[in-house]
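Geometric and topological summary
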Amino acid sequence: MECLNRDQVSFFHDNGYLALPGHLSNDIVAQARQEIDRLSGHADDIDESDDLIDLEESHTRAAPRIRRLKRPDLQSEFFRSLMLSDHILGLARDLIGPDIRMHTAKLNMKKAQYGAPVQWHQDFAFYPHTNDDVIAIGIVFDDMDLENGPLQVFPGSHKGPILDHHSGGVFAGSVDLAAENYDLDDAVSLTGPAGTVTVHHARTLHGSALNTSNRDRQMLFYEMMAADAFPIMGAMTRFDSIADYDSLMLCGKTTLQPRLENVPIRIPQPQPARAGSIYEIQAGQSAPAYATLEKMKAET
Ligand SMILES: O=C(O)CCC(=O)C(=O)O
């Protein structure tokens with residue numbers, strides 16, 4: 001074990017998530033915040049989301065509002081090094097073994113007073129694989145509490161089916177909680193100070209509410225999987241060659257022999273016309289659990 005003890009590993013297998021307060025130092029958090037400010041710099045030059053930045057619906061150049069920094073690992077040497085550090089990869093190796101491939105990375109900004117919700121979903125619904133040794137490691141850069149839209153999970157949901165993430169016959173990247181018999185009161189909020197690191201299993205049902213508080217909740221996710229988990233027709237999975245796929249190896253050895261497990265999957269197709277980010281995809285959900293800023297404004 002590099003980062004976790006056996007009880008923590010068992011907890012993860014039983015519940016589908018972990019929260020590790022104090023996993024990263026204040027120094028790393030302070031450097032990360034500086035990088036976030038640097039990467040946020042060009043939001044006042046753009047009107048629409050691009051390859052680097054996803055904008056809130058309420059964004060204008062005069063009042064720039066970033067919803068997500070896309071691929072911080074490609075935009076910043078700091079965030080790439082953090083991903084490759086033992087703090088992060090050691091944690092992943094404790095849970096899914098020595099051979100690890102990256103899926104993607106993103107930094108959800110969830111800014112004070114308007115930061116968008118992420119509706120309830122299972123990551124595996126977006127990117128089904130041949131086995132489910134697939135995890136997302138979250139890093140909290142602001143104190144995350146009940147007021148500023150903490151990551152929420154349904155414990156044990158990773159042992160159940162992949163739920164219906166479609167709405168009106170189109171992939172909507174989120175579930176109708178009531179239709180799936182989930183009650184928000186049973187969700188666990190992963191609170192903790194800046195520097196907390198979370199892990200959730202790709203089948204764990206999770207989401208987070210609109211941030212109506214006066215405090216930001218910036219959180220980065222590194223998503224990765226065992227190297228022998230191969231993609232099955234996903235929402236955004238496109239590879240030109242095995243070399244292209246292998247370029248995503250983070251540590252250990254690659255393989256040409258996918259491990260096939262008896263895991264539930266659904267195919268996230270057809271895609272909606274606007275599918276540039278999870279927020280755009282989830283706009284198609286007719287029964288969202290969390291209010292959006294636009295809906296709250298319309299009701300007042
Ligand atoms: O930012 C969050 O709280 C949830 C993030 C998430 O699940 C996602 O971006 O897919």
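A short tour of the structure in this document, coming up.

Calculation notes
Residues numbered from 1 in each chain as written. Predicted model: local features only at pLDDT ≥ 70, side-chain atom pairs only at ≥ 80, totals over all residues. Helix = DSSP H or I, 4+ residues; strand = E, 2+ residues; numbered from the N terminus. Rg over C-alpha atoms; globule rule 2.2 N^0.38 Å. Buried ≥ 20, exposed ≤ 12 C-beta atoms within 10 Å, placed from the backbone. Contact = placed C-beta atoms within 7 Å. Near = placed C-beta within 6 Å. Nonpolar A, V, L, I, M, F, W, Y, C, P; charged D, E, K, R; others polar. Core = buried A, V, L, I, M, F, W, Y, C linked by C-beta atoms within 7 Å. Arc of directions from axis to C-beta. Pairing = 2+ DSSP bridges.

Bringing the overall build of the protein into the picture now. Scanning the protein for helices and strands turns up nine helices and 14 strands. For the protein, the C-alpha radius of gyration of 18 Å lies close to 19 Å, the compact-globule estimate for 300 residues. Judged by the C-alpha coordinates and their principal axes, the protein covers about 55 × 45 × 40 Å. In the protein, which comprises 300 residues, the share counted as buried stands at 46%. Sequence separation of at least 24 residues holds for 86% of the intrachain contacts in the protein that already meet a minimum separation of 6.

With that out of the way, let us pick up helix 5 (residues 86–96). Along helix 5, the residues that are buried comprise Ile 88, Leu 89, Leu 91, Ala 92, Arg 93, Leu 95 and Ile 96. Immediately beyond the C-terminal end of helix 5, within one or two residues, lies Gly 97, with a positive phi of roughly 95 degrees.

Another aspect to go through is the environment of Gly 192. On the secondary structure map, Gly 192 appears in the loop between strand 10 (188–189) and strand 11 (197–201). The residues touching Gly 192, leaving out its near neighbours within four places in the chain, are Ala 19, Pro 21, Val 140 and Met 144.

With that out of the way, let us pick up the site of the ligand. By nearness alone, every residue bordering the ligand is listed as Lys 106, Asn 108, Val 118, Leu 151, His 206, Ser 208, Met 219, Phe 221 and Ile 278. Tallied by class, the residues present in the shell around the ligand amount to five nonpolar, three polar and one charged.

Generally speaking, nonpolar side chains in soluble globular proteins are found buried as a group. Ranked by size, the top nonpolar core spans 64 residues in total, and within it Ile 88, Ala 92, Ile 135, Ile 137, Val 199 and Tyr 222 carry the most contacts. Per-element accounting of this core gives the leading share, seven residues, to strand 13 (residues 219–226). If we skip the residues at most four places from it in the chain, Ile 137 touches Ile 88, Leu 91, Ala 92, Val 197, Val 199, Phe 221 and Tyr 222. Counting ten residues, the second-largest nonpolar core is a separate cluster that includes Val 118, Phe 171, Ala 172 and Leu 210.

Let's shift gears to helix 4 (residues 77–84). Considered for burial, the residues of helix 4 that qualify are Phe 79, Leu 82 and Met 83. All buried residues of helix 4 lie within an arc of 100 degrees about the axis, which places them on one face of the element. In helix 4, those exposed residues whose orientation departs by more than 90 degrees from the buried face are Glu 77 and Ser 81. Structurally, helix 4 contributes buried residues whose contacts are with helix 2 (26–39), helix 3 (72–75), helix 5, strand 4 (100–108) and strand 13.

The next point concerns the pairing of strand 4. Alignment of strand 3 (residues 66–70) against strand 4, held across three bridges, turns out to be antiparallel. In the sheet register, Arg 68 faces strand 4, and the bridge partner there is Asn 108. Bridge analysis of strand 4 against strand 13 gives eight bridges, and the strand direction is antiparallel. Opposite Met 102, over in strand 13, you have Met 224 as the bridge partner.

Time to look at unusual backbone geometry. Following Gln 269, the chain continues into Pro 270 via a peptide bond in cis, with omega recorded as -10 degrees. Along the chain, the position of Pro 270 falls in the loop between strand 14 (249–251) and helix 8 (278–282). Despite not being glycine, Lys 110 has its phi angle at roughly 30 degrees, a positive value. Structurally, Lys 110 is set in the loop between strand 4 and strand 5 (118–121). Even without being a glycine, Asn 181 presents a positive backbone phi close to 65 degrees. Checked against the element boundaries, Asn 181 lands in the loop between strand 9 (170–171) and strand 10.

Further remarks concern the sheet that holds strand 10. In spatial order, the strands read 5-12-7-10; together these four strands make up an open sheet with antiparallel pairing. In the strand order of this sheet, the two ends are held by strand 5 and strand 10, each with one partner.

This brings us to the environment of Glu 2. Position of Glu 2 relative to the elements: it lies in the segment before helix 1 (6–15). Placed 110 residues apart in sequence, Glu 2 and Ala 112 show a C-alpha to C-alpha distance of 35 Å. Among all residues touching Glu 2, those that are not within four sequence positions of it are Asp 86, Gly 90, Arg 93 and Asp 94.

Another aspect to go through is the environment of Ala 283. Its place among the elements puts Ala 283 in the loop between helix 8 and helix 9 (293–299). Among the residues examined, Ala 283 registers 18 C-beta atoms within 10 Å and is labelled partly exposed. Once the C-alpha coordinates of Ala 283 and Gly 173 are considered, the two residues, 110 residues apart in sequence, prove to be 8.8 Å apart.

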